[in-house]
Amino acid sequence: SDLKETAASLSSGGALGSSIWSALTLSKSSAAAASVPLGVAGKASAGTGAVAGSLWHRAQGVETWIDTVATPQQLEVVAQVYKWLENTRDGAKIATAVSKAAAHAMARKVPSCEDGQPVDAARCPGHAGQYFCRAGCARQPPLVAAKALGEASASPPPRDSLCAAGASLELLWSCDKGLSRRPAASHGHTTPQKVLDSSAAAMCEDSQMRDLMTVYLECDFLQNYLRWTSDDSEWLEEAFVTYVGGAKGSTYELQATNLVRSVDVFSSRPIVVVLFGDEFVPPMHWHSMPNVIVYRMKPIAKMVSFNFNKMRSMISARVVVGIQLDTDQLVAPGIDTLFEGTRREITEHYPWPMMPVHWMSREGKKPDPYWEYAFRDWSGPRSMRWGHAHPTWSSWALPFLCDMLHERLAASSRTAGASIMAWKLQDAPKRGVLAILADGKAAREPRAAKSQGFMREDEDMLNVALWRDGVRKDWCKFDLEWGLFKDGHKLEKNLYWDKKWYPDGLPVVFISMHNTKQFEITDWLLSLLAKCDKERPKLSCTSRDLPRFCQAGSSDERRWRKQPTKYAETICCCLDPRHEKKVYWAGQWFRDASEVPLKIPQVRKDRTCIFP
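Bear in mind the structure is a predicted one, so any value in this text is a computation, not a measurement.

So, helix α17 (residues 519–535)
Phase 1: Over its 17 residues, α17 runs 24 Å from end to end, which matches the ideal 24 Å to within 8%, given 1.5 Å per residue.
Phase 2: On its buried side, α17 packs onto α10 (251–266), β7 (329–331), β12 (508–514), α18 (555–561) and α19 (564–570).

In structure tokens:
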């Protein structure tokens, strides 16, 4: 009865409904007949020629198709489409039934490894036996096996021999220069390689830390890696970098999936996903995205927050200009301008990462906004407002990042309390990074590696480390709460204000979003952004009031979806005016950063944050 009800609603949807129904049955014999609107409840649709009752014959054929023809992959597609059609989320009855059929089919089709043993499904994407992967045939945890393979060779293998003999991981870089893949002497990437070598040397000399610098390639993503690197250099010129860990099928997997999808849709650059530990399994659909490269590294020390893997991924990804993204972010149209801005701002004479201004200052007093979140683990001066830990960087910032990570790891090691030797980067504006590194030990100074309150999380330490160096560059906020993308014109005039830095509101740029943990809603928003950016319809959004159907999952939105043509024509109004105007500040919209002055007449303080 559920199937008939769904089919009836499909047939009333006209050509769109019948096309979806044709895709669901996946039957060549009935596809042609299903290309016209179908009859409902045994009645022929006017003008279609559909035979009364033929719909139910097709429905009855689905059971036979599932048992004899359908592949597990097709069944999974059907399950997901049905879930969308039912619009009942976790209560999707038909989707659940089809998923069970898929699981049953997969159990009968478990692939085998070359040694004849079944694939270890826990290490491969999908349900039991759904997909083959190299890690599924490894007979010990991949990182352990990869270490043994790496030590067995005196030099890195040539590119055409990477991931040979069914290896699941391939050693790319480590503290052992002889085993690491390095740029050719004539290539421009020798300079960032030199900066990295000098920056990471102290950690490589520490027996507790050197293994934490080793990077492996997930061999299932070899072709993407080869596509984005060259024979002369395996550094990436520009890339996004994110990091993730945890069990297969976790919430973090869903978040990371929408993130890599957004990069695939809105950027021309690759995204490097660094996995920490052996548990995380890259989803199968990542393999269809040519811009996704996956590395794997060992887990961080237990006494250190998992989020300090952010710095490890930034350092180890071998990226000349990078944008760090958390898994609960999505990028949006225009994000690639941030690469250009990063290259412009972070140079040999300004070797510090830049963070976007946070939506709260974390230094207010009652009754200021968010005064209860004031940060009290640092009593020194603050050179800029609290930043959100979504930094961008260039290879010139590697000395800062390595020193910060070294300080944090040393503070939790058995030698905690001892000093590390940190680079005197305060001399960089005059001398430049290369001159400082050339001085070696003479350009370093002791820094106590003592555990302190500001070391609890990566964001806390990034802010303090930048304040400690007295730097003043930060980005105007580009990592916005996702709800701001669909709030129409009704944004607060003094958005994210504070008394000290931005008393009349913070300038914001609509090129990415944060806090995208509600997977279904942000999945809808991602699809909306993609549609409206690609088609760029001529909108007739005459009202400044936000349409009620812009609330994902609301009764108005569900009702509007039943009229696909009208829905498609008007849904982009939810994003108005962000199609053409990316910047908002103090109640005004601007087309891009070039139109935004340092000071607006009615604003009390000059803008200090930088636009990409």
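Overview of the packing of helix α8 (residues 190–204) against helix α13 (residues 398–411)
Phase 1: For the pair α8 and α13, interaxial distance at closest approach is 9 Å and the crossing angle is 15°. Taken together, the axes of α8 and α13 lie roughly parallel to each other. Both α8 and α13 take part in a crossing whose hand is right-handed. For the pair formed by α8 and α13, the contact residues are P192, V195, L196, S199, A200, A202 and M203 on the first element and L398, P399, C402, L405, H406 and L409 on the second.
Phase 2: Across the contact of α8 with α13, the residue classes tally to 11 nonpolar, two polar and no charged.

Considerations on the packing of aromatic side chains
The way to describe two aromatic rings as a pair is by their centre distance and the angle between their planes.
Phase 1: Enumeration over the complete set of coordinates arrives at 14 aromatic pairs.
Phase 2: Both rings, one in W173 and one in Y295, keep their centres 5.7 Å apart while their planes meet at 85°; by these two values the pair is edge-to-face. One end of the pair, W173, is in strand β1 (residues 169–173); the other, Y295, is in strand β5 (residues 292–297), with 122 residues separating them in the sequence. Across the pair, exposure class does not vary: W173 and Y295 are buried alike.
Phase 3: Through successive ring pairs, a cluster of aromatic residues spans F485, F510, Y584 and W589.
Phase 4: Of note, R408 hangs over the ring of F308, and the distance from its end group to the ring centre comes to 5.4 Å.

Points about the side chain of H514
Phase 1: Relative to the elements of secondary structure, H514 occurs in strand β12.
Phase 2: Looking at H514, its side chain comes within polar contact range of the side chain of D328, at 3.3 Å.
Phase 3: Those residues in contact with H514, other than ones at most four positions away along the chain, are D328, Q329, H388, H390, D479, L480, E481 and W482.

Here's the deal with the pairing of strand β3 (residues 236–244)
Phase 1: With eight of its nine residues buried, β3 lies for the most part within the structure.
Phase 2: Looking at chain direction, β3 and strand β6 (residues 319–324) are connected through five bridges and run parallel. Looking across to β6, one finds that A239 is bridged to G322.
Phase 3: As defined by bridge partners, β3 adjoins strand β4 (residues 271–276) across five bridges and the pair is classed as parallel. Note on β4: the bridge partner recorded for V241 is V272.

About the thresholds
- Residues numbered from 1 in each chain as written.
- Predicted model: local features only at pLDDT ≥ 70, side-chain atom pairs only at ≥ 80, totals over all residues.
- Heavy atoms only, no water.
- Helix = DSSP H or I, 4+ residues; strand = E, 2+ residues; numbered from the N terminus.
- Expected span 1.5 Å × (residues − 1).
- Contact = heavy atoms within 4.5 Å.
- Axes fitted to C-alpha atoms, helices over the stretch in contact; angles between N-to-C directions.
- Parallel < 35°, antiparallel > 145°, perpendicular 65-115°, else oblique.
- Left-handed = near helix turned anticlockwise from the far one by under 90°.
- Nonpolar A, V, L, I, M, F, W, Y, C, P; charged D, E, K, R; others polar.
- Phe/Tyr/Trp six-rings, centres within 6.5 Å; stacked < 30°, edge-to-face > 60°.
- Buried < 20%, exposed > 50% of the residue type's maximum accessible area, 1.4 Å probe, protein only.
- Lys NZ or Arg CZ within 6 Å of the ring centre and 35° of its normal.
- Polar contact = N/O pair within 3.5 Å; in protein donor to acceptor, adjacent residues only side chain to side chain.
- Pairing = 2+ DSSP bridges.

Nothing here speaks to function; it is geometry throughout.
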